[in-house]
Amino acid sequence: MTLVSVRDLTIRLGSHTALSGVDLEITPGEIVTVVGPNGSGKTTLLRAIIGAVRAQTGRVERAAGLSIGYVPQSLSIDPTLPLTVNRFLQLPRTRERNLCETALAQAGADGLGERQMSALSGGQFQRVLLARALLEKPQLLILDEPTTGLDQPGSAAFYQQIERVRQDIGCAVLMVSHELHVVMSASDRVICLNGHVCCHGTPDVVASAPEYRALFGTGTQGALALYRHDHDHHHHHHEAAE
């Protein structure tokens, strides 16, 4: 079974071709990360998957009745507006209090319900956005650079929370990110995008792909080497033997 199937997707925005010939499948329960430089079409791809932008050619097929939870990149809320977390979770439609409490707990934002949105830290704010997405009981959770503005420990903690959410509710996760070293460790598959799919595969395959290195330079190799050292012990002696 496939949750989302993207076939030969081409999207033009005005005279600019944002995406060309993109293929992508998301199956239940997997974490897929899309990486790529700014302007590479990552957000456009997410918008196509949730149905917010139309394809010129190709198609996006979603499983019948697919529920999607979407965590936006950021959300500006007027700081002078008195808005508690619980109130925020009730927009745009009222939900039972216990559902909100459950979603907050799943998102690692336990007990924040009565706090003002404007008083939250960056990490708490992201977890509240995550809780709001979880209210949709998603089969697919989509996150657009969810840790923008968080520091390294904050980012790592947020990605660990996503991993817990996946185990907890069994949803698939599609994530767009810049933070390759953190993201790679959590992903089942990585898609490297630059207007088209440059390379895709397991994290270690993508990390060693020349297309990936051409886009991201060798600067990230240190971070990825660290990730591989932590997670891929069994690969090392093969490499040594070759």
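Keep in mind that what you see is a predicted model, and the values were worked out from it rather than measured.

A. Examining helix α3 (residues 97–106) more closely. Those residues of α3 that sit buried are Cys100, Ala103 and Leu104. Along the axis of α3, the buried positions cluster into a sector of 100°, meaning they face one direction only. Those residues of α3 that are buried lie in contact with α2 (85–89) and α4 (122–134). Just downstream of α3 lies Gly108, where phi reads positive at about 75°.

B. Layout of the packing of α4 against helix α5 (residues 152–169). Between α4 and α5, the shortest axis-to-axis distance is 11 Å and the interhelical angle comes to 20°. In terms of axis orientation, α4 runs roughly parallel to α5. The hand of the α4/α5 crossing is right-handed. Contacts from Gln126, Arg127, Leu130 and Leu134 of α4 reach α5 at Ala157, Phe158, Gln161, Ile162, Val165 and Ile169. A breakdown of the residues in the contact of α4 with α5 according to their chemical character gives 7 nonpolar, 2 polar and 1 charged.

C. Fine view of the nonpolar core. Judged by nonpolar contacts, the single largest core of 32 residues is most densely connected at Leu89, Met117, Val128, Leu130, Leu141, Leu143 and Val173. Counting residues per element, the ones that place at least two in this core are α2, α3, α4, β6 (140–144), α5 and β7 (172–177). Per element, the largest residue contribution to this core is 7 residues, and it comes from α4. Beyond its immediate chain neighbours, meaning those up to four positions away, Val128 contacts Val85, Phe88, Leu89, Leu104, Leu112, Met117 and Leu120. Leu19, Val34, Leu140 and Val176 belong to the second-largest nonpolar core, a separate cluster that totals 25 residues.

Conventions and cut-offs
Residues numbered from 1 in each chain as written. Predicted model: local features only at pLDDT ≥ 70, side-chain atom pairs only at ≥ 80, totals over all residues. Heavy atoms only, no water. Buried < 20%, exposed > 50% of the residue type's maximum accessible area, 1.4 Å probe, protein only. Helix = DSSP H or I, 4+ residues; strand = E, 2+ residues; numbered from the N terminus. Arc of directions from axis to C-beta. Contact = heavy atoms within 4.5 Å. Axes fitted to C-alpha atoms, helices over the stretch in contact; angles between N-to-C directions. Parallel < 35°, antiparallel > 145°, perpendicular 65-115°, else oblique. Left-handed = near helix turned anticlockwise from the far one by under 90°. Nonpolar A, V, L, I, M, F, W, Y, C, P; charged D, E, K, R; others polar. Core = buried A, V, L, I, M, F, W, Y, C linked by side-chain atoms within 4.5 Å.

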